[in-house]
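Survey of secondary and tertiary structure
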Amino acid sequence: MEVGQMQRRLVDYTKTLFMEGFLDAQFLQLQQLQDESNPDFVVEVVSLFFDDSEKLLNDLSMALDQPNVDFKKVDAHVHQLKGSSSSIGAQRVKNACIAFRNFCEEQNIDATLRCLQQVKHEYYLVKNKLETLLRLEQQIVAAGGSIPTIEMGF
């Protein structure tokens, strides 16, 4: 596939992620922070998000598996996941965390367990989408092309 085709594919794929609510404008701001002096900035930030999220999801599973659930601890983990997902623009993960936190406040174990499954689902979806996006970018660069700038006017 030639560079122009790959660039169009990347733009279309990125627009789809925004239209489907996986990403929000925060992700574009993250991309704007990347430049020649730090060409791997987005990959590094997204990789940190993946690592932190995996740990937090594991911590949440363990915390909710206790006989006496510490909802303050659960809420603290969800709050941290909400913040990190918000900082990279993972909108659907952030929104699932907002609902999760409401049920933590109510100390509703059944609802928090359902929310944990929903957060995990949204996280793994966005992880897969971001990995595809980053792979497309790598292919463009490897072929000698540049990453096109995505505007929000779509």
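Below you will find a few notes about this structure. (Residues numbered from 1 in each chain as written. Predicted model: local features only at pLDDT ≥ 70, side-chain atom pairs only at ≥ 80, totals over all residues. Heavy atoms only, no water.)

A look at the pattern of salt bridges
Using the criterion set out here, one finds six salt bridges in the structure. Of the charged contacts, one joins R8 and E2 as a salt bridge, the two residues approaching to 3.7 Å between their closest N and O atoms. Note on E2: relative accessible area 43%, which makes it partly exposed. E122 is paired through a salt bridge with R92; the nearest N and O atoms lie 2.9 Å apart. Residue E122 is found in helix 6 (residues 109-142), and its partner R92 is found in helix 5 (residues 91-106); the two are separated by 30 residues along the sequence. A relative accessible area of 8% means that E122 is categorised as buried. Its relative accessible area of 26% is what places R92 among the partly exposed residues. (Salt bridge = Lys/Arg side-chain N within 4 Å of Asp/Glu carboxyl O. Buried < 20%, exposed > 50% of the residue type's maximum accessible area, 1.4 Å probe, protein only. Helix = DSSP H or I, 4+ residues; strand = E, 2+ residues; numbered from the N terminus.)

Focus: unusual backbone geometry
One non-glycine residue, Q107, adopts positive backbone phi at about 55 degrees. Note that Q107 resides in the loop between helix 5 and helix 6.

Details of the packing of helix 2 (residues 25-32) against helix 4 (residues 71-88)
As a packed pair, helix 2 and helix 4 sit with axes 6 Å apart at the nearest point and diverge in direction by 65 degrees. In this structure, helix 2 uses Q26, F27 and L30 to contact helix 4, whose residues at the interface are S86, S87 and I88. Residues of the contact of helix 2 with helix 4, tallied by class, amount to three nonpolar, three polar and no charged. (Axes fitted to C-alpha atoms, helices over the stretch in contact; angles between N-to-C directions. Contact = heavy atoms within 4.5 Å. Nonpolar A, V, L, I, M, F, W, Y, C, P; charged D, E, K, R; others polar.)

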